[in-house]
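# Residue-level structural notes
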Amino acid sequence: MPVTVVVGCQWGDEGKGKVVDHMAKNMDWVCRYQGGANAGHTVVTGNKTYILHLVPSGILHSRPRCVIGNGVVIDPAYLLEELDTLTASGIDLEGRFHISESAHVLFPYHKWLESLGGHDVRVGTTRRGVGPAYQDKVARTGIRVYEMMDHDRLATRLEEHGKHLATAFRGAGIEPPQPIDAAVSEWLSTFTGLAHRIRPFVADTVEMLLDALDRGDKILCEGAQGTFLDVDLGTYPFVTSSTTTSSGAAFGLGLPASSLRKVVGICKAYATRVGEGPFPTELSGAAAEHLREKGGEFGATTGRPRRVGWLDLPQLRHAVRINGMTSLVFTKLDVLSGEAKIPICTRYEGAGGNRSCPPQDSQAWASLEPFYEEMPGWEEDISKVRRFADLPSTARRYVERVQDEVGCRIQTVSVGSSRKAVFSVPAATRA
Ligand code: IMP
């Protein structure tokens, strides 16, 4: 059974949570492969809204088992809060929620370090300490879950970190938020307690998933953030610290790359971004406010207003190609109702001529001018539509134009936050 990966086509917040929730009911496994509590997936089930930061949204269905993979950085306090909320809502976790023993643990000092360099402000990070936790991982100084499970190993590792922290703060000429020795013993005791609570969920998830693959189980890998926040392929340095694109699912879960054969791209009908970095089709002033309010574009993790703009086809074409997307889900189409004309960026114009895909250099991308074509809009509220054929013809044309331009099938359209507000696009309409 091929493994399916779900990836955001833009800068995150495309509505992946809802799509994963929709697909999860038919899956045996739903797995998170990267990121940390910087992600925020909103899922609406009946009259309940869940915002999940770490736990895969598949947990809201009874069938799939859920995994937080080795590629994720885990803030155990956050995780337990989320698990407690899920348990209080009657969601059964026993035997169906697993944490990789080799995932890295995010400690309070990662948040301290994030503010120390001013990097958080320059990039506009979520300030969840995710960048410094990944820095520790690649510097080979990170603490993994299996070390957190062992009190003595944890004590040794935290002491080492205490020494590094003292040097870092002294070097910066800044007082740490708390005396370091006291903080280290407090963390040891807090994380020992947290370890005790997460122990039942900790497992060798690499082995577990390889066995699942051998059995032919259906595995869904859930990406966080979006393609253009990928640390290598995104708008560097305005990116997150992990591999958000489809290949991240291989090494973030220990699955062979050859097993990732279905890649579903989630694309919002317009574009949004949180934090700094290039955004050629960004709107400003009243036009931005109008779209932001209509789309409820405020961060699920930070509450920050999201930057908003029109759909950028060169960006999408690139996302489809680098992720090897096999189909697309087009979300929040209902938000565009009431727009008389919908501008759509078909290429960029710049000193070096026209471009149909974004350059690798963020600064060069930011200097390009979007070239727009205007698509006719529609007046009707489409949030109750449940069949592609029932959309106004201009809305159908918008969807069809996007799939023709990006060369990938739009298989599903979503027109609202509820679980029911999705429908498939008939094959005849597909690219
Ligand atoms: P970090 O991931 O907190 O280090 O932040 C790095 C960049 O990624 C910032 O621009 C954040 O706003 C952005 N970012 C991180 N997580 C998300 C997300 O889930 N949705 C959208 N943007 C995100």
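Just above, that's the structure.
Heads up: these notes are all about the structure in this document. (Residues numbered from 1 in each chain as written. Predicted model: local features only at pLDDT ≥ 70, side-chain atom pairs only at ≥ 80, totals over all residues. Heavy atoms only, no water.)

Before going further, it helps to spend a moment on the site of the ligand. Close contacts around the ligand come from 16 residues, with Asp13, Asn38, Thr126, Gln225 and Thr240 the closest. Within the side chain of Asp13, an N or O atom sits 3.2 Å from a nitrogen atom of the ligand. A distance of 3.1 Å separates a nitrogen atom of the ligand from a polar side-chain atom of Gln225. About the coverage of the ligand: the protein hides 96% of its 460 Å² of free accessible area. Taken together, the residues of the shell around the ligand sort by class into six nonpolar, eight polar and two charged. (Near = heavy atom within 4 Å. Polar contact = N/O pair within 3.5 Å; in protein donor to acceptor, adjacent residues only side chain to side chain. Areas by Shrake-Rupley, 256 points an atom, 1.4 Å probe, with all protein chains shown as cover. Nonpolar A, V, L, I, M, F, W, Y, C, P; charged D, E, K, R; others polar.)

This part takes up the packing of aromatic side chains. Tallied over the entire structure, the rule returns 13 aromatic pairs. Between Tyr109 and Trp187 the ring centres are 5.3 Å apart and the planes differ by 55 degrees, which places this aromatic pair in the tilted class. Of the two residues, Tyr109 is situated in helix H3 (residues 108-116) and Trp187 in helix H8 (residues 180-198); the sequence distance between them amounts to 78 residues. Take Trp187: its relative accessible area is 4%, and that puts it in the buried class. Ring plane angle 85 degrees and centroid distance 5.9 Å describe the contact between Trp112 and Phe169, whose orientation is recorded as edge-to-face. Linking Trp112 in helix H3 with Phe169 in helix H7 (residues 151-172), this pair joins segments that are 57 residues apart in sequence. Per residue, the accessibility class of Trp112 equals that of Phe169, and both read buried. An aromatic cluster of at least three residues, connected via ring pairs, comprises Phe107, Tyr109, Trp112, Phe169, Trp187 and Phe191. The cationic tip of Arg347 hangs over the ring face of Phe371; the distance from NZ or CZ to the ring centre is 3.9 Å. (Phe/Tyr/Trp six-rings, centres within 6.5 Å; stacked < 30°, edge-to-face > 60°. Helix = DSSP H or I, 4+ residues; strand = E, 2+ residues; numbered from the N terminus. Buried < 20%, exposed > 50% of the residue type's maximum accessible area, 1.4 Å probe, protein only. Lys NZ or Arg CZ within 6 Å of the ring centre and 35° of its normal.)

Core analysis: the biggest nonpolar cluster contains 69 residues, and Ile219, Phe330, Leu333, Tyr398 and Val413 have the highest contact counts within it. By residue number, the principal contributor to this core is helix H14 (residues 393-406), which donates five residues. In this structure, Val413 is in contact with Phe330, Leu333, Phe388, Val399, Ala421, Val422, Phe423 and Val425, ignoring residues within four places of it in sequence. The next biggest cluster of nonpolar side chains, apart from the first, holds 55 residues, and it includes Ala37, Leu154, Ile180 and Leu188. (Core = buried A, V, L, I, M, F, W, Y, C linked by side-chain atoms within 4.5 Å. Contact = heavy atoms within 4.5 Å.)

What follows deals with unusual backbone geometry. Between Tyr236 and the following residue, Pro237, the backbone shows a cis peptide bond with an omega angle of 5 degrees. With respect to the helices and strands, Pro237 occurs in the loop between strand E10 (219-222) and helix H10 (248-253). Non-glycine residue Arg127 carries a positive phi angle of around 60 degrees. Topologically, Arg127 is positioned in the loop between helix H4 (119-123) and helix H5 (130-138). Of note in this structure, Arg140 is not a glycine but carries a positive phi near 65 degrees. Along the chain, Arg140 turns up in the loop between H5 and helix H6 (145-148).

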